[in-house]
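If you want the building blocks of each chain, they are given just below.
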Amino acid sequence: MVAVPTTGRPGADADVIVVGAGPAGSTAATHLTRAGLDVLLLEKSTFPRPKVCGDGLTPRGVKQLIDLGIDCSEEAGWLHNRGLRVLGGGVSLELEWPTLATFPDFGAVRPRQDFDELLVRHAEKAGARLHEETTVTQAVTDERTGRVVGVTGHVGKGKDRRPVTFRAPLTLACDGVSARLALSIGMAKRDDRPMGVAVRRYYRSPRTHDDYLESHLELWDRTDPAQPQLLPGYGWIFGMGDGTSNVGLGILSTSRAYGSTDYRALLRSWLDGTPEEWGFREENAEGPVGGAALPMGFNRTPHYRPGMLLVGDAGGMVNPFNGEGIAYAMESAAIAARCAVQSAARRGPAAEKALESYPTQMRQELGGYYRIGTVFSRLIGNPTVMGLATRHGLPRRTLMEFLLKLLANLYDPKDGATSDRVITAMTRLAPSA
Ligand SMILES: Cc1cc2nc3c(=O)[nH]c(=O)nc-3n(C[C@H](O)[C@H](O)[C@H](O)COP(=O)(O)OP(=O)(O)OC[C@H]3O[C@@H](n4cnc5c(N)ncnc54)[C@H](O)[C@@H]3O)c2cc1C
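This write-up is about the structure you can find in this document. (Residues numbered from 1 in each chain as written. Predicted model: local features only at pLDDT ≥ 70, side-chain atom pairs only at ≥ 80, totals over all residues. Heavy atoms only, no water.)

A short note on the overall build of the protein
Then, number 1: Secondary structure summary: the protein contains 10 helices and 21 strands in total.
Then, number 2: The C-alpha atoms of the protein give a radius of gyration of 22 Å, which matches the 22 Å a tight globule of 433 residues would have.
Then, number 3: Across the 433 residues that make up the protein, the buried fraction comes to 56%.
Then, number 4: In the protein, 71% of the contacts between residues at least 6 apart in sequence involve partners at least 24 apart.
Then, number 5: Only carbon and sulfur atoms are counted for the fraction: they give 53% of the accessible area of the protein, which is about 18,300 Å².
Then, number 6: Here the protein contributes 50 positively and 48 negatively charged side chains, and the mean placements of these two sets differ by 7 Å. (Helix = DSSP H or I, 4+ residues; strand = E, 2+ residues; numbered from the N terminus. Rg over C-alpha atoms; globule rule 2.2 N^0.38 Å. Buried < 20%, exposed > 50% of the residue type's maximum accessible area, 1.4 Å probe, protein only. Contact = heavy atoms within 4.5 Å. Areas by Shrake-Rupley, 256 points an atom, 1.4 Å probe, with all protein chains shown as cover. Lys, Arg positive; Asp, Glu negative; His and termini not counted. Charge placed at Lys NZ, Arg CZ, Asp CG, Glu CD.)

Following this line, the structure appears as structure tokens:
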């Protein structure tokens, strides 16, 4: 018998506790408070804070910002991009973002230091109660039912540090790839789903005003010069518009080289091969190389455990085709918020049903697509397949335009062009991840 949440329950500190104020947490908090719920947003750091990322948004991410009512114009500080430039096999191809009903036709770039603060202030403005310097260490569960009924952790630093406990009928785990909350109740990651590793660094560069996101498909590991290996992943160069470029690379776990590669050395060796005038040399570097893991293809499930929803990276929501995570963190947050709002307005088993529908909705939205992405990541883990795809795929513009739609998940599921209908059919036929 599952205990059922009741809004305004005596002893509760909020209607919903949101742990982590990255894109997932701040988006969820905004949607929830706008619907009238009392939200406690707990964040271990203080804003503004840096976050290792490529800082790039495809139109899928921009759509989420527009849905939140955020001004995404260039006047408001966003550097727009019009598409993706893909390089590989001696070819360079510029592909415009498609014109669709579902998504805008531009992407954007903004440093995460700035982006995450903007989102969290938006949540605060909507009414969320932000507690910074509050580190959650574990979920509190009801002894009898096992249901998550709150969180514990500590607030402050050093000798001012003190323990805290908060209670609420529902907790959203938006704590990123570390997934501390999920781990505290024994939810390990799934090994049958791909992971990625990505590293990035900022460089002062004359390429700072690029209006395309640039992606380099040929990453060679030359650790053994006699046997250079083509790696499954790509390098990126995103102009930031402020005199710098964000330059990095991401590799999938499906290659033999995963785990044994020195990613910082790989970044160095790739950049040393780029033209000198682009500026990607030590003397132009700003700050250190940063890196982190990319949890992909729903690598932590189920996304609902009684009393708690996993949102964003905590639920392994990164797209296995392209490593994009911000859009999916925000999308899953919007869906989780809708389920939470429905649940809070009900009593008894009907309230529970609304929460249980979250994983179902996530599967409907992305399950088939992520299943294909998982297969794709295994295929390109084979250097021969990766080499063939780069050499023979890139020179064919129509094929690449189709692949852009597939890899960036940018198509109209209803009444779209032929290529959109093909992708829709593929994702519907694939069993949900
Ligand atoms: C090198 C690199 C480049 C990337 N480039 C891109 C890109 O260009 N575009 C893109 O879309 N995606 C990119 N990603 C992926 C993207 O960064 C993530 O998918 C995205 O940040 C996920 O958002 P989130 O809110 O789920 O998690 P996070 O952004 O990780 O936010 C989690 C928040 O929770 C807080 N937190 C964590 N643990 C606790 C705790 N115990 N208690 C309290 N607070 C806690 C953290 O401080 C943080 O604020 C990249 C990732 C890497 C590593």
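Looking at the sheet that holds strand E20 (residues 304-305)
Then, number 1: Judged by pairing direction, the sheet is mixed, and its six strands sit side by side in the order E8-E2-E1-E12-E21-E20 without closing on themselves. Edge positions in the open sheet fall to strand E8 (129-131) and E20, since each of these has one partner strand only. (Pairing = 2+ DSSP bridges.)

Focus: the state of the cysteines
Then, number 1: Scanning the entire structure with this criterion turns up zero disulfides.
Then, number 2: A disulfide-free cysteine, Cys72 has its sulfur positioned 16 Å from the sulfur of Cys53, the nearest such atom.
Then, number 3: Looking at Cys72, the relative accessible area reads 8%, which means it is buried. (Disulfide = S-S within 2.5 Å.)

Focus on the side chain of Asn409
Then, number 1: Looking at the secondary structure, you find Asn409 in the loop between helix H9 (397-407) and helix H10 (418-429).
Then, number 2: Take Asn409: its relative accessible area is 3%, and that puts it in the buried class.
Then, number 3: For Asn409, the residues in contact, after removing those within four places along its chain, are Arg60, Phe103, Asn319, Tyr328, Leu366, Tyr369 and Leu404.

A short note on the site of the ligand
Then, number 1: The local shell around the ligand holds 38 residues, among which Glu43, Arg49, Gly54, Gly56 and Asp313 are the closest.
Then, number 2: Within the backbone of Asp55, one N or O atom sits 3.5 Å away from an oxygen atom of the ligand.
Then, number 3: Here a nitrogen atom of the ligand and a backbone polar atom of Gly56 are 2.8 Å apart.
Then, number 4: About the coverage of the ligand: the protein hides 94% of its 1,000 Å² of free accessible area.
Then, number 5: If you list the elements that add at least two residues to the shell around the ligand, you get helix H1 (23-34), strand E9 (134-141), strand E13 (195-204), strand E17 (233-239), strand E19 (285-295) and helix H6 (326-344).
Then, number 6: Counting residues per element, the shell around the ligand draws most heavily on E9, which supplies three residues.
Then, number 7: The class makeup of the residues in the shell around the ligand is 17 nonpolar, 12 polar and nine charged. (Near = heavy atom within 4 Å. Polar contact = N/O pair within 3.5 Å; in protein donor to acceptor, adjacent residues only side chain to side chain. Nonpolar A, V, L, I, M, F, W, Y, C, P; charged D, E, K, R; others polar.)

Section: the environment of Gly22
Then, number 1: With respect to the secondary-structure elements, Gly22 resides in the loop between strand E1 (16-19) and H1.
Then, number 2: Gly22 sits 304 residues away from Ile326 along the chain, and the two C-alpha atoms are 9.0 Å apart.
Then, number 3: Other than its neighbours up to four places away in sequence, Gly22 contacts Glu43, Arg49 and Asp116.

Some points on the pairing of strand E12 (residues 170-173)
When a strand is regular, its side chains alternate between the sheet's two faces.
Then, number 1: Side chains Leu170 and Leu172 project from E12 onto one buried face, and the interleaved Thr171 and Ala173 project onto a second face that is buried too.
Then, number 2: By the bridge criterion, four bridges tie E1 to E12 in an arrangement that is parallel. Within E12, the position partnered with Ile17 by the bridge is Thr171.
Then, number 3: Relative to strand E21 (residues 308-310), E12 is paired through three bridges, and the arrangement is parallel. Across the sheet, the residue bridging to Ala173 is Leu310, located in E21.

What to know about a positive patch on the surface
Then, number 1: Where like charges cluster on the molecular surface, the positive patch consists of Lys44, Lys51, Arg161 and Arg180.
Then, number 2: Position of Lys44 relative to the elements: it lies in the loop between strand E2 (39-42) and strand E3 (56-57).
Then, number 3: On the basis of relative accessibility, which here comes to 58%, the residue Lys44 falls in the exposed class. (Patch = residues over 30% accessible without salt bridge, like charges linked within 9 Å, V, L, I, M, F, W, Y side chains within 5 Å. Salt bridge = Lys/Arg side-chain N within 4 Å of Asp/Glu carboxyl O.)

Structural notes on the nonpolar core
Then, number 1: Counting 45 residues, the largest nonpolar core has Val18, Leu32, Leu41, Leu172, Leu309, Val311 and Tyr358 as the members making the most contacts within it.
Then, number 2: Elements with a contribution of two residues or more to this core: E1, H1, E2, helix H3 (112-126), E12, H6 and helix H7 (349-380).
Then, number 3: Looking at this core element by element, the count peaks at 10 residues for H6.
Then, number 4: Setting aside residues up to four positions removed in sequence, Val18 forms contacts with Gly25, Leu32, Val39, Leu40, Leu41, Leu42, Leu172 and Cys174.
Then, number 5: Phe103, Met240, Ile380 and Leu394 belong to the second largest nonpolar core, which has 28 residues in total. (Core = buried A, V, L, I, M, F, W, Y, C linked by side-chain atoms within 4.5 Å.)

A word on the environment of Asp142
Then, number 1: Relative to the helices and strands, Asp142 resides in the loop between E9 and strand E10 (148-155).
Then, number 2: As a C-alpha pair, Asp142 and Gly307 span 165 residues in sequence and 9.9 Å in three-dimensional space.
Then, number 3: Once you skip the residues sitting within four places of it in the chain, Asp142 turns out to touch Arg147 and Val149.
Then, number 4: Separated by 2.8 Å, the side chain of Asp142 and the backbone nitrogen of Arg144 make a polar contact.
Then, number 5: Within the structure, the side chain of Asp142 is placed 2.9 Å from the backbone nitrogen of Thr145, a separation counted as a polar contact.

Observations regarding the packing of H9 against H10
The description of two packed helices rests on the angle between their axes and on the distance between the axes.
Then, number 1: Running from amino to carboxyl end, H9 crosses H10 at an angle of 45°, the nearest separation of the two axes being 10 Å. Taken together, the axes of H9 and H10 lie oblique to each other. Considering how the two elements wind past one another, H9 and H10 form a crossing that is right-handed. Residues Phe402, Lys405 and Leu406 of H9 lie in contact with H10, whose contacting residues are Ser419, Asp420, Val422, Ile423 and Met426.
Then, number 2: Class assignment for the residues of the contact of H9 with H10 results in five nonpolar, one polar and two charged. (Axes fitted to C-alpha atoms, helices over the stretch in contact; angles between N-to-C directions. Parallel < 35°, antiparallel > 145°, perpendicular 65-115°, else oblique. Left-handed = near helix turned anticlockwise from the far one by under 90°.)

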